[in-house]
Amino acid sequence: MEKINVRLKRTVDDSYEILVGSNLLSEIPKDLQKKGIGNRYALVTDHNVERLFGSRLQEIFRRENIQLPIVSFPAGEKSKNLRTFAELLGKIHSLGLDRKSAIIALGGGVVGDIAGFVAATYFRGIPFVQIPTTLLAMIDSSIGGKVGVDLEQGKNACGAFFQPKAVYVDIDFLEGLPRKELQSGLAEIIKHALIFDSRLFEFLEKSLRKLISKDKASWMHVIQKNCRIKAAVVEKDEKESGARKMLNYGHTVGHAIETVTRYKKFSHGEAVSMGMSFASRLSVKLGLLSEKESLRSTALLQAAGLPVRLPALPMGKMLEVMRKDKKSIGGKLSFVVLERIGNARHDVIVPEELVKEVIAPLMD
Ligand code: GLY
């Protein structure tokens, strides 16, 4: 027997900048060139975002003599599948993009995830940048390189870790966002505060009214803080083997609610809010979190207009989904729980009986 070693130890530098600001779009073409990202580009987006901002971005690039062909697909989670992915790859290929070209993802989480996955796989990977247009994408999904699509068998079941080369967060997009979308993003912002940053939590308690009335300075502060939190987590644990798991706070029950209601009844933020309401009660039950802090957490979610009580859903089905959740350990239910506001713990295994005992009084 001959043994041949393939030695592939390597150091990679996937560092990138997140630029947060107002009136940022017009800076992008020059910044891409300054950073040496791509020599040709395609804009990947959905039909809604294309209608609202497609030609504006094309015009900004045209002023710098850069063509920006648009490749788009119908908006919504239902498009986040292998069929759309294959169609996008075909269209990108027809445009003649090569390995030095770059993809510009303009949109919310679905656009970022699918455009990033196209970039990760086209010619085995070409650069891409994110221009998030929703609050959730600005503070969470555009940062950290989780890209992919859903399978019929499971959400985000097919994908990769593939970091963008830059993220451009233009807070002017918040102006046009419906209140529901703002609330959905707020759920993840409150989550970041609960698990990592008690000062951010206090700021949110004080400034919620201003945020809801779209006060720009308050949003600038909150978005910058949240991008820093997300960036720090990704730096520490890109592939989700430790600290990044904390970001799943509220997501086990939240995901079960979304699955059992077939993603039709609640936004992601609403489902996560109910999940966080459960998780804080569980944390109290486990003797970790004080009653007072649990109430503060629930009060902030309610003040943001987010639900903290669950609909009456079949418990058996909920538990079945939770057992299959990526966070379960050997079929046992595992949760992220709070020790206090600003501090969390992951991989806490909890008996099903206790989960039922905590959920039941929260259901209508
Ligand atoms: N949105 C969770 C994560 O990026 O890990």
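Keep in mind that this is a model prediction, so the values were computed, not measured.

Student: Before we move on, can you summarise the overall build of the protein with the specific residues and values?
Tutor: A tally of regular secondary structure across the protein gives 13 helices and ten strands. Its C-alpha atoms give the protein a radius of gyration of 21 Å, near enough to 21 Å, the size a compact globule of 364 residues would have. If one aligns the C-alpha atoms of the protein with their principal axes, the spans along those axes are about 70 × 60 × 35 Å. Contacts in the protein between residues at least 24 apart in sequence constitute 76% of all its contacts with a sequence separation of at least 6. Accessible surface computed for the protein: about 17600 Å², of which carbon and sulfur atoms make up 50%.

Student: Hey, could you go over the site of the ligand for me, with residue numbers and the actual values?
Tutor: The local shell around the ligand consists of Asp 140, Lys 146, Lys 230, Arg 244 and Leu 247. At a separation of 3.0 Å, a nitrogen atom of the ligand approaches a polar side-chain atom of Asp 140. Arg 244 is positioned with one of its side-chain polar atoms (N or O) 2.7 Å from an oxygen atom of the ligand. Taken together, the residues of the shell around the ligand break down into one nonpolar, no polar and four charged.

Student: Which residues make up the nonpolar core, and what values go with them?
Tutor: Ranked by size, the top nonpolar core spans 91 residues in total, and within it Phe 61, Trp 219, Ile 223, Phe 278, Met 318, Met 322 and Phe 335 carry the most contacts. Among the elements that line this core, the one with the most residues is helix α6 (residues 179-196), at eight residues. Beyond its immediate chain neighbours, meaning those up to four positions away, Phe 61 contacts Ile 28, Pro 29, Leu 32, Tyr 41, Ile 66, Leu 68 and Ile 104. Phe 73, Ile 92, Ala 115 and Tyr 122 belong to the second-largest nonpolar core, a separate cluster that totals 23 residues.

Student: Tell me about the sheet that holds strand β1 (residues 17-21), residues and numbers included.
Tutor: Overall, parallel pairing links the six strands, which are arranged β1-β8-β5-β4-β2-β3 in an open sheet. The open sheet has two free edges, formed respectively by β1 and β3 (70-73), since each of these has just one partner strand. The mean inter-strand angle of the sheet, taken between neighbouring strand axes irrespective of direction, is 15 degrees. Strand direction decides the pairing type here: strand β2 (residues 41-46) and strand β4 (residues 102-107), joined by four bridges, are parallel. Within the sheet, the bridge partner assigned to Val 44 lies in β4 and is Ala 105. Lying on the sheet, helix α2 (residues 47-62) is in contact with β2, β3, β4 and β5 (128-132); it crosses β2 at an angle near 155 degrees. Contacting β2, β3, β4 and β5, helix α4 (residues 109-121) crosses the sheet at an angle of about 170 degrees to β4.

Student: Tell me what's going on with the pairing of strand β7 (residues 154-161), and back it up with residues and numbers.
Tutor: Here strand β6 (residues 146-151) pairs with β7 via five bridges, running antiparallel. Counterpart to Val 149 in the pairing with β7 is Cys 158. If you look at the hairpin formed by β6 and β7, you'll find two residues sitting between the two strands.

Student: Which residues make up the pairing of β5, and what values go with them?
Tutor: Two faces make up the sheet, and in a regular strand the side chains alternate between them. Of all five residues in β5, five are buried, a share of seventy percent or more. By the alternation rule, side chains of β5 split into Phe 128, Gln 130 and Pro 132 and Val 129 and Ile 131, which are all buried. Bridge count between β4 and β5: five bridges; the pairing is parallel. Bridged to Ile 104 within β5 is Val 129. In this view, the connection linking β4 to its parallel neighbour β5 by way of α4 has right-handed handedness. Bridging between β5 and strand β8 (residues 166-170) involves two bridges; their strand directions are parallel. Counted as the bridge partner of Val 129 is Ala 166 from β8.

Student: So what's going on with the pattern of salt bridges? Which residues, and what values?
Tutor: Here the structure, examined in full by the defined rule, presents 26 salt bridges. For the salt bridge of Lys 216 with Asp 172, the shortest nitrogen-to-oxygen distance reads 2.8 Å. Placement of Lys 216 in helix α8 (residues 216-236) and of Asp 172 in the loop between β8 and α6 is noted, with a sequence separation of 44 residues between them. A residue is classified by how much of its surface remains accessible, and Asp 172, at 22% relative accessible area, is partly exposed. Glu 270 is the partner of Lys 180 in a salt bridge, and the nearest nitrogen-oxygen pair spans 2.6 Å. Taken together, the positions of Lys 180 in helix α6 and Glu 270 in helix α10 (residues 268-285) put the pair 90 residues apart, joining distant regions of the chain. Three or more residues are tied together by salt bridges with common partners; here these are Glu 17, Asp 31, Lys 34 and Lys 35.

Student: Outline helix α1 (residues 28-35), supporting the account with residue identities and numerical values.
Tutor: Those residues of α1 that fall on the buried side of the exposure criterion are Ile 28, Pro 29, Asp 31 and Leu 32. For α1, the arc enclosing every buried residue in end-on projection is 165 degrees, short of the 170-degree limit, so these residues lie on one face. Summarising the geometry of α1, the exposed residues directed more than 90 degrees from the buried face are Lys 30 and Lys 34. Contacts made by the buried residues of α1 are with β1, β2, α2, β4, β5 and β8.

Student: Mind laying out the packing of aromatic side chains, listing which residues take part and the relevant values?
Tutor: Each aromatic ring pair is specified by the distance between its two centres and by the angle formed by the two planes. Taken as a whole and judged by the stated rule, the model has six aromatic pairs. Plain terms: the ring middles of Tyr 41 and Phe 61 are 5.9 Å apart, the flat faces sit at 70 degrees to each other, and that makes the pair edge-to-face. Taken as a pair, Tyr 41 in strand β2 and Phe 61 in helix α2 lie far apart in primary sequence, 20 residues in all. The burial state of Tyr 41 is the same as that of Phe 61; both residues are buried.

What counts and what doesn't
- Residues numbered from 1 in each chain as written.
- Predicted model: local features only at pLDDT ≥ 70, side-chain atom pairs only at ≥ 80, totals over all residues.
- Heavy atoms only, no water.
- Helix = DSSP H or I, 4+ residues; strand = E, 2+ residues; numbered from the N terminus.
- Rg over C-alpha atoms; globule rule 2.2 N^0.38 Å.
- Contact = heavy atoms within 4.5 Å.
- Areas by Shrake-Rupley, 256 points an atom, 1.4 Å probe, with all protein chains shown as cover.
- Near = heavy atom within 4 Å.
- Polar contact = N/O pair within 3.5 Å; in protein donor to acceptor, adjacent residues only side chain to side chain.
- Nonpolar A, V, L, I, M, F, W, Y, C, P; charged D, E, K, R; others polar.
- Core = buried A, V, L, I, M, F, W, Y, C linked by side-chain atoms within 4.5 Å.
- Buried < 20%, exposed > 50% of the residue type's maximum accessible area, 1.4 Å probe, protein only.
- Pairing = 2+ DSSP bridges.
- Axes fitted to C-alpha atoms, helices over the stretch in contact; angles between N-to-C directions.
- Right-handed = clockwise from strand over helix to strand, strands pointing away.
- Salt bridge = Lys/Arg side-chain N within 4 Å of Asp/Glu carboxyl O.
- Arc of directions from axis to C-beta.
- Phe/Tyr/Trp six-rings, centres within 6.5 Å; stacked < 30°, edge-to-face > 60°.

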